[in-house]
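Residue-level structural notes
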Amino acid sequence: MTNEQLKEKLLQVFPGAVISETTQYVTLTVEPDKLHETAAALKGNPELHFDYLFCQSGTDVKEALGVSYFLESTDLRHHLLLKVSTTNRENPVLDTVCDIWETANFNEREIFDMFGITFKNHPDMRRMFLDEEDWVGYPLRKDYVDEVNIIERN
Amino acid sequence: MTEEIVQHDIEQEEYLLNMGPQHPSTHGVLRLLISLKGETVANIEPHCGYIHRGIEKMCEKLTYQQIIHLTDRLDYLSAHINNEAVCLLVEDALQIEVPERVKYIRTIISELSRLASHELWWCAFGMDMGALTTYFYGLRDREKILDIFEETTGGRLLQSYNCPGGLMNDIHPNFQKRIKEFIPYFRKKLPEYDELLTGNVIMQERTKGIGPISKEDVISWGVTGPSGRGSGFACDVRKHHPYSAYDKVQFEEILFTEGDSLARYKVRIAEMWESLKILEQLVDNIPEGDYAVKMKPIIKLPEGEYYQRVEACRGEFGVYVISSGEKYPVRVKLRSPNFSNLSALNRMAAGFKIADLVAVGGSLDLVIPDIDR
Amino acid sequence: MAFSIYDLTAFNQSIHEALVQNLSPFWALIVEMTIIGLVFLLFYAIVGLFLVYAERKICGFIQNRVGPNRVGPYGIFQTIADFIKLLMKELIYIKNADKFLFNLAPFIVIIASFMAIAAIPFGLGLHAIDFNIGVLYVMAVSSLGVIGILLAGWSSNNKYSLIGAMRSGAQIVSYELSIGLSLVTIVILSGSMQLSTIVEQQRNCWFIFSGHIPAFIAFVIFLIASTAETNRGPFDLAEAESELTAGFHTEYSGIKFAFFFLAEYMNMFIVASMAATLFWGGWMPFHIPGLTSFNHVMDFIPPFFWYMGKTMVVIFLMMWFKWTFPRLRIDQLLKLEWKFLLPINLFNIVLMALVVLMGWHL
Amino acid sequence: MSSESLILFFIVAVILVGGAITFSSFIPPTSTNPVKSEPYESGIPTIGKTWLQFNVGYYLFAILFLVFDVETVFLFPWAVVMHTLKAQAFIEILIFFFILGLGLLYAWKKHALIWE
Amino acid sequence: MNSIIKYLKDLFGGIKTLLTGMMVTGYYFVHPKEIVTQQYPENRKTLVMLDRFKGELVMPHDENNQHKCTACSICEINCPNGTIEVISKQTETEDGKKKKELDTYIYKLGMCTFCGLCVKVCPQDAIEFSNEFEHAVFDKEKLTKTLNHPGSSLKSKQTAQ
Amino acid sequence: MTGNQIMFILFSLMIIVFSVLTVTSRKILRAATFLLFVLVATSALYFMLNYQFLAAVQLTLYAGGIVVLIIFSILLTSHIGEKFESPALLKKVYAGIAVVAGTVLVITTILSYTFQNNNSVPRSVDMTTIGTDLMSYGDNGYALPFEVISILLLAAMIAAIVVAKKIKTK
Amino acid sequence: MKYEDFKDNETLELFKQTGGNVLFTTIDAVINWGRSNSIWPLTFATSCCGIEMMAAGASRHDFARFGIEVYRASPRQSDVIVVAGTIVNKMAPVLKRLYDEMAEPKYVIAMGACAISGGPFYYNSYHVIKGVDKIIPVDVYIPGCPPRPEALLYGVMQLQRKIQTETIRNPRKQPDTFADTEIK
Amino acid sequence: MQTGIPIEYFLITATVMFFAGVYGFITRRNLITMLMSVELMLNAVNINFVAFNRYLYPNLLEGQFFSIFIIAVAASEAAVAIAIIINIYRNYQSIDVDKTDQMKY
Ligand code: SF4
Ligand code: SF4
Ligand code: SF4
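Once that is clear, we can look at helix α3 (residues 104-115) of chain A. Residues and elements named next belong to chain A. For α3, a buried count of 12 out of 12 residues is recorded, marking the element as mostly surrounded by other parts of the structure. Regarding α3, the residues found buried are Ala104, Asn105, Phe106, Asn107, Glu108, Arg109, Glu110, Ile111, Phe112, Asp113, Met114 and Phe115. Immediately beyond the C-terminal end of α3, within one or two residues, lies Gly116, with a positive phi of roughly 75°.

Right, let's get into the nonpolar core. Among the nonpolar cores identified, the biggest contains 505 residues, and Phe269(C), Trp78(D) and Tyr105(E) are the most heavily contacted of them. Judged by nonpolar contacts, the second largest core, of 31 residues, contains Met49(E), Val82(G), Ala84(G) and Ala151(G).

Lining the immediate environment of ligand 2, one finds 13 residues, of which Cys79(E), Cys112(E), Cys115(E), Gly116(E) and Cys118(E) sit closest. Its residues placed into classes, the shell around ligand 2 shows nine nonpolar, four polar and no charged.

A few words now on the site of ligand 3. Lining the immediate environment of ligand 3, one finds 14 residues, of which Cys48(G), Cys49(G), Ala113(G), Cys114(G) and Cys145(G) sit closest. Ligand 3 is flanked by residues contributed from chains B and G. Listed by contribution, the elements that provide at least two residues to the shell around ligand 3 are α3 (48-57) and α5 (112-117) of chain G. With three residues, α5(G) is the single largest residue contributor to the shell around ligand 3. Tallied by class, residues from the shell around ligand 3 come to eight nonpolar, five polar and one charged.

Moving on: the pattern of salt bridges. Residue and element names in this part refer to chain B. Tallied over the full model, the rule gives 52 salt bridges over all chains. Across the pair Arg114 and Glu111 runs a salt bridge whose closest N-O atoms are separated by 3.4 Å. Residue Arg114 and its partner Glu111 are both found in helix α4 (residues 100-129); the two are separated by three residues, about one turn of the helix. Judged by relative accessible area, Arg114 falls into the buried class, the value being 0%. One salt-bridge network, held together by shared partners, links Glu111, Arg114, Arg229, Asp236, Arg238, Glu271 and Glu311.

It is worth spelling out the sheet that holds strand β8 (residues 331-335) of chain B at this point. All names here are of chain B. As summarised here, the arrangement of the three strands in space is β6-β7-β8, forming an open sheet in which the pairing is antiparallel. Looking along the sheet, the strands with just one partner apiece sit at the ends: β6 (304-312) and β8. Neighbouring strand axes in the sheet, compared pairwise and without regard to direction, differ in orientation by 10° on average. Relative to β8, strand β7 (residues 315-323) runs antiparallel, the two being bridged by five bridges. Paired with Gly318 across the strands is Arg335, a residue of β8.

Once that is clear, we can look at the sheet that holds strand β4 (residues 64-72) of chain A. Residue and element names in this part refer to chain A. If you walk across this open sheet you meet the five strands as β1-β2-β5-β4-β3, and the pairing is mixed. Each edge of the sheet is formed by a strand with only one pairing partner; in this case those strands are β1 (18-21) and β3 (52-61). Going across the sheet, the axis of each strand differs from the next one's by a mean of 25°, ignoring polarity. Together, β2 (26-30), β4 and β5 (79-86) form the strand contacts of helix α2 (residues 35-44), whose direction differs from that of β5 by roughly 170°. Across the face of the sheet, α3 comes into contact with β3 and β4 while running at roughly 10° to β3.

Let us look at unusual backbone geometry. Here the bond from Cys145(G) into Pro146(G) is cis, since omega is -10°, no more than 30 degrees from zero. Assignment of secondary structure puts Pro146(G) in the loop between β3 (140-142) and α6 (149-163). The phi dihedral of Asn121(A) is positive, around 70°, even though this residue is not glycine. At Asn124(G), a position not held by glycine, the phi torsion is positive, near 65°. Note on placement: Asn124(G) falls in the loop between α5 and β3.

This next bit is on the packing of aromatic side chains. All names here are of chain C. Going through the model one piece at a time under the given rule, you end up with 49 aromatic pairs over all chains. Between Phe43 and Phe269 the ring centres are 6.0 Å apart and the planes differ by 65°, which places this aromatic pair in the edge-to-face class. Note that Phe43 is positioned in helix α2 (residues 25-62) and Phe269 in helix α12 (residues 254-279), a separation of 226 residues in sequence. Residue class for Phe43 comes out buried when judged on its relative accessible area of 18%.

Definitions and cut-offs
Residue positions are given per chain, counted from 1 along the sequence in the order it is written. Whichever chain is written first becomes A and whichever ligand is written first becomes 1, with later ones labelled in order. Two thresholds apply to this predicted model, a pLDDT of at least 70 for residue-level local features and 80 or more for giving and counting side-chain atom pairs, whereas whole-chain, interface and lining totals are computed over all residues. Computation of side-chain values covers all heavy atoms of the structure but excludes hydrogens and water. Relative accessibility under 20% of the residue-type maximum defines a buried residue, over 50% an exposed one, and the middle range a partly exposed one, all with a 1.4 Å probe and only protein chains included. Only DSSP runs of H or I covering at least 4 residues are called helices, and only runs of E covering at least 2 are called strands; the numbering of each starts at the N terminus. Here the nonpolar core consists of buried residues drawn from Ala, Val, Leu, Ile, Met, Phe, Trp, Tyr and Cys, with membership extended through side-chain atoms lying within 4.5 Å. Residues are labelled near a given molecule or strand when at least one of their non-hydrogen atoms is within 4 Å of it. When residues are grouped by polarity, Ala, Val, Leu, Ile, Met, Phe, Trp, Tyr, Cys and Pro land in nonpolar, Asp, Glu, Lys and Arg in charged, and all others, Gly among them, in polar. Each salt bridge in this description consists of a side-chain nitrogen of Lys or Arg and a carboxyl oxygen of Asp or Glu lying within 4 Å of one another. When DSSP finds two or more bridges between a pair of strands, those strands are recorded as paired. For every element, the axis is a line fit to its C-alpha atoms; helices are fit only across the contacting stretch, and the angle between N-to-C directions ranges from 0 to 180 degrees. The contact criterion used throughout is that any non-hydrogen atoms of two residues lie within 4.5 Å. Geometry of aromatic contacts follows a simple scheme: Phe, Tyr and Trp rings, the Trp one being its six-membered ring, pair when their centres are within 6.5 Å, and the pair is stacked under 30 degrees between planes, edge-to-face over 60, tilted otherwise.

If you want it as structure tokens, here you go:
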């Protein structure tokens, strides 16, 4: 399916969806509260059938903390970039998708570790890499400072 | 009342056993916290981060040329391929067309990396299974590849040979000659691998049906590379999203459907044959041309988001860059194949014995620094 | 016989007599046995060190490399350096470990193997003790070693050790049966349990030839079982490095570890000697009935070299196994013993009895 | 030589092994630190008890081993006289094996020979 | 009957695979000329590194103790991990013009990752890699090196051409 | 004093000391180890008496078999830190009194009885004799017990397996 | 290899202690000979440098010639810990623990830029230890990223030379600063 | 033959061993240690048999055969006993006799 067809299809399934396009992928932006249902539909709809989440990344751009989901359909071979973001930096919460794509389990833990985004309903929301007990802060956030460990290069 | 004898009927408390961070079978500093019932693995909880170096954060303070030296150190066994991803991304974003020569050379070195990596996997896997001699045969043959690398790129393991726009320098005059020597040499040695390990009845017994995983699960867990293809998941990026010179060569995407450790093993062995085939097709046809296009000294990507996927030795490697138009990226996400592969370990090995866990772990071919980044 | 020139009995006898004449019988015995004990211990140590060296060289050659070659010519002093190093290494005591048993374990292991060596005939008259139940004695004494391993694993207060010990315990006791039963096969053939008699009977034809198929089967089983009994690859689950780090001796350091290490090699030596003695005629030269001149030539090789040569061949086989095969899993290992070796062995005994009954063995 | 010699043998071995261990526990350099005497578990403090509830499967093999060990020991005297007694011994051992074979068969049928 | 045949087939098939494996190792055991070991310290005299091998960064000096570095610091900026420190001094040439000149070129061998960027970007080709690899030391301080030789100076343009 | 005597004293002392330790040690695996020593010393006594086969059987079955089995079961059921609480004092005292009384009684009986040393020619105890006796019927024959042992072993094996079998109804 | 061919002889001279009567010198010589020729490493590799360490053990370079091939998985039995690779904050306590659990005498080789100084991860990294000598005493530094196997062999020879300067009466003291380094 | 060692010494050793076994059997509450005590007693009896055989009837082998059979029986007994003990342990998580008889099936 080409990107054009995919866009049409998406509009069919999610009327009023916010769709844009990067150089590569069709991008669908959803609100945090719609995330889980959109994700479920993306995988469940046989004509979309995005069964493979090949990359899940946390982002921190301009006030908003977000997550990007890169989806692929292994039989239909089309791609989608699903984006969600929240402006709540103090206590960002998003829905988990790890019941839809198992691989999200670890990825969400990593995002929690690095960005501090908590995923609701995640079975095991702990830090992935950093020390669970005594690590403070979320290193990949733009406002992260750590005088002890980081040696800035002038 | 069944007549069968079940020996672990005591309300056996599960006990916990640490494997790692310093443990010979975790191939590095992975820590697996295993709950055991008797000798059966009930649950595996991977604890990562013992080699988490914060590469993604560091990339935010580096220019695109400099990122190369960090992607080298992710999955150091496919260092070149990782670099290629970054270079391709930058070239795509700037819409630079690199010379054909560069594409060919990149592909050749990628395939050599893959061979070297699979050889190392083979010897490590053999060691995990207790066949200690594989270690030496695998590394013996790998040294030949490292020589080719060293002659052209100056590095044995971490080459830093790619750079945005092309290559650091031209290939060494001996490059093709050496590869042409290597191919028949390795074609002779590869059957030995089968004789020594693959066919061995003990090895077969220990891997057949061990750690099985279905195609659906593989897709859902995002297990890619040879591990995924062992379960029939057609995930070869080289085939489905060809980059560099992969669209110009004929090769098979190796697919097995059993999904057990033996299948994963066989995929890798078969991939070595395929890599040899690819090498043969390319090595004589390297076109003339420049080895790099002239780039501005400071590369700035236009604002936007970019993603590039390549097939690294252990699966799909992806780079996701958010650029704000500055010389430093805003966010670099490195999608590492091992991370996803590791997440499925529990799914595969739970319910088997500790010895099987080692076999399954070996067949996944994990590289821990790639997991932790 | 020509090789009686190598008979050391007279030599022993003269020493014995000299001692008896000059000392009271009690002291004579003490002195004599101390000398023999020391000689054996020396022999033990040398063989142990040599085997370690041999293993490193052999695996080196198998693996396309040269192995130790920097300490002394061809690296022959390598293991001596190791030994000195280990002797000068700190001994660590583990908290909560049962110190008494922790220290006792290496003793048991090494003494079991040391006692077994006493009964092995190295050559004509080169025999510390010639029991009339020699075969059973060796089996009995070497079966004590497993206790040391179990104690070591338990008293280390370490999970890996404990798993390793349990594994090797189950493995050793299981395979001991096979060893015992294949020994029985040979005893049927020879009608004696005295090792010297058994060797003597093979003057003309080694048992592996005169016993036909059953002896050969017994030999194969003996080889497999003894490889397993000594915890060597492909049966080295107890110290399966990829799973259990170092198995039952994980917590042992320095010289105590060295003793485990040494005992492993000595056990290998003992089972190899047994294989050589029982199946290949021990120190008996190789004879082909009828070829007198050939036999004479063979006779001039001293018995000790015959014995050592055969033993080394068996040891080489075991090393070859280790460096070729992957390791078995514990359940496969037990299955191999209980479902294959044991029934085959029982069957083989009956077969051998039949052979003897019919007089085919002559 | 008499079997008493065994004992001296034994004593020599004990003394030398013991001597080496004693030597080694006094002479080499030592250092102390709090974690040195803790059990080693891949560089992580041990979790829970170091004693594990084992797979009970192991002991069944130990029991079977004992039974067959007795059998082996009884086979030795028989094996020695097989030469001289011939048929008589052969028949007796057939009976003996038959009965034990039943046991092995039973164990096999009950899956006692498979390790869990 | 079939099962017995299968059993035997498995048994002998298994033994055959074992023997095949042993043939491989046995072959190498009896073929010492397959040994690939290069005996490093012994072969030191004859050891030739492949010429592109990156062992250590050096600044070549000619016979007049002159190097080509203009102290432009491009390499320092481009080095991804701050291995290089170029300390320059201001000197006055005869005609009174101020001129930047290299004072010390500090190279921290213990940090270098041999990525080759510095060599690539240097406009003067003033630095290059040597094949030296025997660097192991007991004292970390020894790994911080000054690449320009004492008293060295910039190669003049004419000689450089 | 002859070597024999010294050795006898050594071994009987070993037997006595270690059997007492076996029943008084508060760590179970140590008790098992002491038991092992007792058994090994006993087998050494047999060696002294020149019953070599018996000694080897003692070593194989007792020391190498039963003790291994016991150690196995200890490894399965108890933990390294475990110690028995020492038995109640009263019980100890009672048992002690009974045992000491019994010992004294028996020893006095033994000492008061004079044994007639039989000076008939000792029968050689090589393996052939043992084997022949074991295989023959009649007065000196043990063929029947030999076969019975096989039945005993069968029974033991079946019993062990049955007992070890899981009972699902629980 | 000759004495002059080695680097850093100055530091080596500092290690050498004069004196000692003849008996002790002989004993020292024997013990040092044993120790320096039997350096069993711990199987410890964290990242890329570990691969080169493996390569050093393989046929081409063959560690075993030095008698060093006996990789022990248990720290109790190993003599040297080759820190091959990056050590991060989370790993540091583990490394320290492993070092502490080793039996004396024990040695440390810092292999690669990461182990020496943090190497590529020196600047801007929040989770990397900037040199293992901050947590355990290091005997030999082998720079490189990764050092080629020959460089590791060379480093091992340096360590052998260092061991040969030890005396039994005055064993190398563990610097006090490390005795109770608290790693967070 | 065994000059210098009166038979009484053997008997005394065996007696002490036997009564040590008795003591253990009475005082110990742990099934495995009780089993060990039983083995001690059996072993003491064996010594007696052998001593009698050697000293009083050196022309016979009865004592030796008895001992061998006793050992065989002891082995079978130990096998079954251990099986039972382990079974008890599985059901009660304890092999203490005091605890086990409180917990009825
Ligand atoms: S080496 Fe080259 S880049 Fe570096 S300061 Fe000198 S001239 Fe400039
Ligand atoms: S090679 Fe790379 S790391 Fe080393 S000095 Fe040059 S730029 Fe810096
Ligand atoms: S020094 Fe270089 S090669 Fe070694 S671990 Fe660090 S980054 Fe990897």
